[in-house]
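Here is what each chain is made of, one letter per residue.
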Amino acid sequence: MNTVKKILKIREMTSFLFLIALFAGVGMVNSSFLSPTSLLNCFNDSVVFTLLAVGIAFVILTGEIDVSIGAILGLSAAVTSTLLRNGSSWAVAFLAGVMVGVVTGVINGFGVAVLNIPSLIFTLGTMGLFRGMIYVYTGGAWVENLPAPFTMLSKAKLVGDLTAFYAVVLAFVILAHYILTKTRRGKYFIAVGDNAAGATLIGIPTVNTKFVSYVLCGVFSAVAGILYSSRIGFITPTAGNGYEMKAIAACVLGGISLTGGLGSLIGASIGAVIMSSVSRILVFLGFSSDYDNTITGILLIVIVVVDAVSQNRAAVKNRHMRLAARAQSKKGDDQK
Amino acid sequence: MKNSPLESLKRGVKSWEFALLMILFLEFVIFGAKNSKFLNPNILLGSVNDIISICIISLFVTFVMITGGIDIQAGAIVGFTSIIVGVVWQDGGLNIWAACLIAVIAAALCGALSGFFVAYCNVQPMVVTLGGGFLYSGLALLVAKLSATESYKGISGFPDSFRQISQFKLFGVIPEQVIIFAVLTVIAYLLLHKTKYGRKVFLVGVNPRAAEYSGINSRLVIMSTYVLSGISAAIAGIVLTSYLDTAKSDIGATFTLQIITAVVLGGTLSTGGKGNVIGTALAALVIGILRFGLPLCFKINTQYLDIPVGLLLLIVITARSLAGNSKVVRFMNGVMPRGWGKTAAH
Amino acid sequence: MAESQKKFSDQAIISVRGIHKAFGLNNVLKGIDLNVNSGEVVALIGGNGAGKSTLMKIIMGIHQPDRGEIYVDGEKVNLTKPSVALSKGIYMIPQEPMLFPNMTVEENIIAGFREKAADLHVRLVNQMKEIGWDLDLNRKANSLSIAEQTLVEILRGLLRNSRVLIFDEPTSALTFDEVESLFKCIATLKARGIGIIYITHRLTEVFDIATHVAIMCDGVITLNGPVGDFTREMLVKGLLPPNMAEQNEKRQTAERAELDYQKLKPVFELKSFSGYGFSNINLEIYPGEILGVAGVVGAGRTELATTIFGMDKVLGGSAILDGRDITGLPTKKVLEAGINYVPEDRHLLGLFKISDIAANTTSAMLSDSSMGKMFLNGKAEYELTRKYVDDFRIKITGQDQLTGSLSGGNQQKIVIARALSTQPKLIILDEPTRGIDAAARGDVYTIIHQLKEQGVAIMLISSDIEEIIELADRAVAVYQGHINLEFNKKEINQDNLMAAAFGVTGGRKAEV
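Keep in mind that what you see is a predicted model, and the values were worked out from it rather than measured.

Scanning chain A from N- to C-terminus turns up 15 helices and 2 strands. Computed over C-alpha atoms, the radius of gyration of chain A comes to 22 Å, within 12% of the 20 Å expected from 2.2 N^0.38 for 336 residues, which places it in the range of a compact globule. Principal-axis analysis of the C-alpha atoms places the extent of chain A at approximately 85 × 55 × 35 Å. Within chain A, buried positions represent 52% of all 336 residues. The contacts in chain A between residues at least 6 apart in sequence include a share of 77% that link residues at least 24 apart.

Listed below in structure tokens is the structure:
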């Protein structure tokens with residue numbers, strides 16, 4: 001029982017140790033990987049995925065899913081970039097991008113939390129809708145020639161090689177983590193995912209909580225879209241295609257259970273670093289990035305299968321122990 | 001069973017499949033009225049190549065979703081089989097049909113692997129097939145690397161006998177793909193609705209534990225549905241490769257949304273236990289015709305086509321959810337087609 | 001009556017009046033009046049399906065009543081959602097504790113509060129001191145025993161300063177010692193002036209802890225008053241549906257032919273059979289015999305049945321059917337060998353609710369060649385289903401009706417039909433009449449008698465002592481995973497069975 005308790009306590013710790021072991025392993029093959037710049041770049045480059053993973057983590061923690069975040073990223077990127085290119089002020093463009101996140105989040109939240117539609121199906125539908133809206137908005141053309149100050153923003157360094165982007169995002173993640181684990185309403189998210197019926201019974205508003213999780217997810221994805229524009233410098237209508245899958249994978253790698261109620265935002269951001277480092281690591285190991293998907297798929301499947309099998313084992317063992325205790329209490333009495 | 005023909009007819013008219021048929025009919029009327037080219041058999045039937053994959057795969061993803069699962073890896077398997085056919089034929093030097101057989105076996109194994117994790121390890125189907133999607137598309141890329149041909153070009157120049165799959169036309173009009181789809185629909189229909197295996201699929205989807213108590217091996221049944229959907233993806237991959245005369249590793253990448261939409265639109269309950277092959281087939285056609293007709297008749301850019309498909313999915317599931325709400329049901333009683341209320345009851 | 005009711009409710013903490021509730025066509029509550037005063041423990045008893053849980057869910061604000069009013073401290077309240085009920089000082093400890101498995105005990109207890117965590121911690125520690133409990137607040141909820149989980153639920157309620165606590169069959173999953181400590185706790189709460197609604201189906205508990213008793217039958221309260229006004233016999237009679245008493249007499253005179261055990265060979269034997277939840281079970285069952293298996297919920301009876309049925313692992317001993325060793329075979333093989341099982345929880349394990357009736361009745365027959373080789377033989381399916389629908393008088397609109405829309409009794413008949421479709425030599429019935437109405441119960445009894453005449457061996461697991469008395473040729477009592485005592489037909493009576501089921505006899509200390 002104690003070991004189970006310990007393992008559960010340090011779920012994101014396991015991911016962190018895995019990250020360190022991974023980096024150390026790559027470093028042994030190719031020591032140049034371990035240079036501070038190279039290591040820091042693993043984190044710097046994960047900034048978009050960190051935002052996406054943390055955003056969707058809100059939703060996953062409540063026990064739902066959102067596969068439209070890639071499209072939300074693309075839509076927000078397209079809107080922000082177009083406005084900037086057309087000479088809007090940064091404030092207007094950024095606000096418009098964030099509003100994209102709010103509106104899309106509200107649509108998803110309404111469908112899933114209020115109308116009670118299975119989240120995978122509903123967000124699959126909105127994914128098509130949002131993705132199509134990118135084409136409508138941009139007319140299918142690329143958004144190019146973004147103002148240089150905006151694209152330079154992504155290269156701004158705060159301390160040494162640490163980009164300002166990652167520093168700010170990290171600060172936000174820590175703040176969100178604090179809110180989620182320390183405040184009353186923050187704790188609702190995990191409570192709803194852990195046991196929705198139980199949460200209702202003690203007066204936690206499950207519908208509201210799920211709704212808010214989708215809005216937050218939308219906003220985080222939209223902000224990810226803005227950073228994406230700045231980093232890449234041009235937006236295609238397919239921007240962010242398939243990113244939802246990688247963000248979900250990042251959450252799983254970071255120790256978040258897809259059944260909800262288990263995991264943390266810190267875990268999600270660690271998972272995002274692992275996820276986005278895979279191709280960089282492959283390069284340092286001398287493989288082509290063609291192995292990217294294969295490695296990601298294997299990592300994902302191995303981790304979820306191990307997790308599920310160990311949880312099933314524990315559940316079965318628990319049940320057997322309880323039943324055995326009942327039957328054996330008689331024996332104990334007989335010996336008295 | 002002992003219903004009078006009139007009663008059966010009445011029920012048929014109220015069913016969801018009938019509603020889909022009407023939508024399909026409506027599409028023909030609207031598109032046909034807008035642009036008479038649409039009704040030209042050669043043009044209409046020629047469009048089949050763009051939609052055939054979705055039609056074939058969604059038939060068997062229906063099985064998966066009836067057991068309460070989901071399959072978002074089928075698109076990756078399409079690319080995987082396509083590139084296997086190409087590489088085994090061109091670089092392996094095997095007979096094209098042997099290459100196809102190997103591709104089908106590989107796809108079945110992919111399905112079996114994911115199905116095993118879902119059924120025997122209790123991992124959520126969504127996550128397993130997500131990982132499977134990465135894995136199989138990744139493997140497809142690695143297989144492509146085995147080839148002497150650059151992977152972005154794709155392998156082409158297939159023998160005529162293979163190309164005949166997509167070139168042959170019955171009576172000079174009906175493309176072979178239509179026949180393949182029709183045959184597969186009949187097979188899927190018989191398998192799901194008329195065999196003992198199909199009954200087990202339904203029972204497992206309704207209540208897997210009660211199925212175990214009826215002596216049904218729920219896990220094996222669940223796993224088998226993923227094998228079936230894998231095989232169907234392989235068939236789609238082969239047909240598509242023949243049509244394009246190109247084997248590429250990523251030709252199925254955009255199919256997921258359309259497949260799931262077809263299955264859900266066809267009346268399959270996303271929580272499992274209810275579904276219908278005919279519904280799925282009709283829904284796949286509705287989507288296919290929509291994607292074909294909108295650009296042809298309304299000059300809508302093909303890139304926008306995710307919007308109507310997404311909207312269609314959203315409208316159907318939202319309407320179902322509202323129909324399941326007891327207040328709305330009471331209000332709408334008698335207005336909705338009967339099939340809706342039934343599927344929405346749970 | 002009306003006057004006394006009014007006087008009664010003047011001081012009531014909570015008072016419900018004329019509550020009606022229907023789900024679809026199913027009238028669950030048909031006008032409920034109930035009062036709970038400060039310091040009272042009102043025992044609410046009644047079979048499953050009587051409507052107790054629905055009533056409690058209405059009081060908790062989870063369901064809304066169709067008609068009727070609820071008063072708290074004499075003031076009419078509108079309990080639209082659980083948070084409203086909580087703010088009025090009502091708290092329910094659900095039958096299955098609804099904790100957050102991945103949170104610690106403390107996090108579980110203070111979830112949903114508006115106060116500061118530090119203040120809550122102080123209050124929580126004080127509260128635990130006050131009632132004298134010791135619980136590690138940093139343990140994860142998924143490591144707690146069921147009893148400990150119940151304690152956590154109670155602490156949740158207390159910390160909210162709840163004045164009405166509802167216990168929904170709290171002892172159903174508890175061991176003997178745990179029950180004792182729970183009763184001590186309830187006594188403490190009672191002394192503090194908290195009003196308690198205590199739902200149970202065990203009569204002994206009523207006399208142990210309740211001050212008042214109310215019996216619910218089929219959506220109405222049939223008996224209500226201070227516990228001192230009643231004897232156990234009166235309660236038993238109150239629990240039986242009105243027409244049951246007559247039916248009992250009729251049937252008891254009809255069949256009393258004792259089995260001649262000398263001439264019979266047992267069809268099924270268990271030898272030192274052990275599994276999770278029970279051990280060292282020795283049993284034999286004869287053709288045409290009804291063997292009653294008595295015991296409280298959680299005694300290991302269901303585990304015994306599911307293990308025989310191939311659902312759980314056999315830990316030792318053997319099971320022999322008709323001379324053939326079937327120990328540890330998978331369910332499919334056990335079915336084919338000639339055993340079938342009607343599970344206790346028909347909703348979870350028995351029914352395919354969104355499937356039609358024919359699909360349900362034939363579900364256990366799908367491997368049989370009579371249902372067709374590969375294609376399903378529609379005619380055979382129709383005939384088989386029609387046979388059972390006619391034989392069992394199952395009320396349906398057609399074979400394509402969905403089983404979820406049938407009444408509880410008809411659903412149960414369908415589950416039984418499924419079990420019989422395989423023509424078993426031994427059928428295990430686990431609580432076959434739980435939650436079904438009197439008429440359906442009579443029909444189920446008729447079916448059991450018919451089976452007996454056909455020479456099928458029947459293992460009847462039931463918490464309903466009356467049922468075993470009426471039906472069984474022989475009975476065993478299971479207590480904490482062991483067979484405590486065996487009774488022949490003449491010895492089967494309420495006192496013997498009750499005493500053995502609760503471990504009073506058979507080498508165990510008395511519970512009362």
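When helices and strands are counted, chain C shows 19 helices and 20 strands. Residues classed as buried in chain C amount to 48% of the 512 residues present.

Either a parallel or an antiparallel arrangement is found when strands of a sheet pair, and the pairing is made through backbone hydrogen bonds. Residues and elements named next belong to chain C. Spatial strand order, β12-β11-β14-β15: 4 strands in an open sheet with antiparallel pairing. Looking at which strands have only one partner, the edges of the open sheet turn out to be β12 (278–285) and β15 (324–325). Pairing of strand β11 (residues 268–275) with β12, which is carried by 5 bridges, proceeds in the antiparallel orientation. Within the sheet, the bridge partner assigned to Phe-273 lies in β12 and is Ile-281. Helix α11 (residues 301–308) rests against β11, β12 and β14 (314–321) of the sheet, and its axis sits at about 70 degrees to β12.

Turning next to the interface of chain B and chain A. Between chain B and chain A, the contact holds 39 residues from the first and 42 residues from the second. Elements with a minimum of two residues in the side of chain B that touches chain A: α6 (96–121), α7 (125–146), α13 (256–265) and α15 (306–324) of chain B. It is α7 of chain B that provides the largest number of residues to the side of chain B that touches chain A, a total of 15 residues.

This brings us to the interface of chain B and chain C. Interfaces are often sized by the accessible area lost when the parts come together. Taken together, the contacts link 22 residues of chain B with 27 residues of chain C. For the side of chain B that touches chain C, the element with the most residues is helix α10 (residues 196–206) of chain B, which contributes 6 residues. Taken together, the residues of the side of chain B that touches chain C break down into 8 nonpolar, 7 polar and 7 charged.

A few words now on the domain arrangement of chain C. Along its sequence, chain C is organised into domain 1 (2–239) and domain 2 (246–501). Between domain 1 of chain C and domain 2 of chain C, the C-alpha centre-to-centre distance is 34 Å.

Right, let's get into the confidence of the model for chain A. Per-residue pLDDT for chain A averages 85, and the proportion of residues at 70 or more is 93%. Across residues 329–336 of chain A the pLDDT falls below 50, and counting only partners more than four positions away or on other chains, this stretch makes 5 contacts in the model.

All names here are of chain A. Per the UniProt entry, the sites bearing "transmembrane region" (unreviewed entry) are residues 47–78, 90–111, 117–137, 158–180, 211–228, 248–275 and 295–316 in this numbering. With 74% helix and 17% strand, the stretch residues 158–180 has end C-alpha atoms that lie 27 Å from each other. End-to-end, the C-alpha atoms of residues 248–275 are 10 Å apart, and along that stretch the chain is 61% helix and 0% strand.

Next up on the list: the packing of helix α5 (residues 69–85) of chain A against helix α12 (residues 206–232) of chain A. All names here are of chain A. Closest axis-to-axis distance for the α5/α12 pair is 7 Å, and the angle between their directions is 50 degrees. Taken together, the axes of α5 and α12 lie oblique to each other. Pair α5 / α12 crosses with right-handed handedness. Here Ile-69, Ile-72, Leu-73, Gly-74, Ser-76, Ala-77, Thr-80 and Ser-81 of α5 come into contact with α12, specifically with Cys-217, Gly-218, Ser-221, Ala-222, Ala-224, Gly-225, Ile-226, Tyr-228 and Ser-229.

The next thing to look at is the packing of helix α13 (residues 243–253) of chain A against α7 of chain B. Direction vectors running N to C along α13 of chain A and α7 of chain B enclose 115 degrees, while the axes themselves pass 11 Å from each other. Crossing angle aside, the handedness with which α13 of chain A passes α7 of chain B is left-handed. Each of Met-245, Ile-248, Ala-249 and Val-252 of chain A in α13 of chain A lies in contact with α7 of chain B, whose residues at this interface are Val-127, Leu-130 and Gly-133 of chain B. When grouped by side-chain class, the residues that make up the contact of α13 of chain A with α7 of chain B number 6 nonpolar, 1 polar and no charged.

What follows deals with the environment of Val-223 of chain A. Residues and elements named next belong to chain A. In this fold, Val-223 is placed in helix α12. Taking the C-alpha atoms as reference points, Val-223 and Gly-297, separated by 74 residues in sequence, lie 27 Å from one another. Contact partners of Val-223, with chain neighbours within four places excluded, come to Leu-51, Val-98 and Gly-101.

Tracing the backbone through its elements, the reader meets Tyr-445 of chain C in helix α17 (residues 438–453). Counting along the chain gives 12 residues from Tyr-445 of chain C to Ala-457 of chain C, while the straight-line C-alpha distance between them is 15 Å.

Attention now moves to the pairing of strand β10 (residues 220–226) of chain C. Residue and element names in this part refer to chain C. Pairing geometry for strand β9 (residues 212–217) and β10, over 6 bridges, is antiparallel. Each residue of the ladder has a partner; that of Ile-215, found in β10, is Leu-223. Linking β9 to β10, which pair antiparallel, is a turn of 2 residues; within it Asp-218 sits at a positive phi near 55 degrees.

Another point: the sheet that holds strand β20 (residues 482–488) of chain C. Residue and element names in this part refer to chain C. With respect to topology, 6 strands assemble into an open sheet ordered β16-β17-β18-β13-β19-β20, the strand pairing being mixed. Unpaired on one side and paired on the other, β16 (339–342) and β20 mark the two borders of the sheet. On average, each strand axis in the sheet is inclined to that of its neighbour by 20 degrees, with strand direction left out of account. Here strand β17 (residues 426–430) runs beside strand β18 (residues 457–461); their pairing, made up of 5 bridges, is parallel. In the sheet register, Asp-430 faces β18, and the bridge partner there is Ile-461. This element, α11, spans β13 (290–294), β16, β17, β18 and β19 (474–479) of the sheet and lies at about 145 degrees to β17.

Residues and elements named next belong to chain C. Here helix α16 (residues 408–421) spans 20 Å end to end across 14 residues, near enough to the 20 Å set by a 1.5 Å rise per residue. Among the 14 residues in α16, 13 count as buried, and that is most of the element. Phi for Gln-423, located one or two positions after α16, is positive at around 55 degrees.

With that settled, consider unusual backbone geometry. All names here are of chain C. Within the chain, Asp-73 stands out as a residue other than glycine whose phi angle is a positive 55 degrees. Structurally, Asp-73 is set in the loop between β4 (67–72) and β5 (75–77). We classify Asp-73 as partly exposed; it has 13 C-beta atoms within 10 Å. At Glu-431, a position not held by glycine, the phi torsion is positive, near 50 degrees. Relative to the helices and strands, Glu-431 is located in the loop between β17 and α17.

Cut-offs applied
Throughout, a residue's number is its position along its own chain's written sequence, starting from 1. Following the order in which they are written, the chains are lettered starting with A and the ligands numbered starting with 1. Local features are withheld for residues below a pLDDT of 70 in this predicted model, meaning they are given only at 70 or higher, and side-chain atom pairs are given and counted only at 80 or more; totals for whole chains, interfaces and linings count all residues. Strands here mean DSSP runs of E at least two residues long; helices mean DSSP runs of H or I at least four residues long; both are numbered from the N terminus. Atoms considered for the radius of gyration are the C-alpha atoms alone. The globule rule reads 2.2 Å times the number of residues to the power 0.38. The burial criterion counts other C-beta atoms lying within 10 Å of a residue's C-beta, which is placed from the backbone; the residue is buried at 20 or more, exposed at 12 or fewer, and partly exposed between these limits. Here contacts are defined at the residue level, using C-beta atoms placed from the backbone and a cut-off of 7 Å between them. A pair of strands is considered paired only if DSSP assigns at least 2 bridges between the two. Geometry is summarised by axes, namely lines fitted to C-alpha atoms with helices restricted to the contacting stretch, and by angles between N-to-C directions that run from 0 to 180 degrees. The classification used treats Ala, Val, Leu, Ile, Met, Phe, Trp, Tyr, Cys and Pro as nonpolar, Asp, Glu, Lys and Arg as charged, and all other residues, Gly among them, as polar. By convention here, the domain bounds are inherited from an automatic or database domain assignment. pLDDT is a residue-level measure of predictor confidence that goes from 0 to 100. UniProt positions are given in the numbering used here, feature names are shortened, and annotations may be inferred rather than shown by experiment. In these notes the angle categories are as follows: under 35 degrees is roughly parallel, over 145 is roughly antiparallel, 65 to 115 is roughly perpendicular, and the rest is oblique. Less than a right angle of anticlockwise turn of the near helix away from the far helix marks a crossing as left-handed, whereas a clockwise turn marks it as right-handed. Expected helix span is taken as 1.5 Å per residue step, with the number of steps being one fewer than the number of residues.

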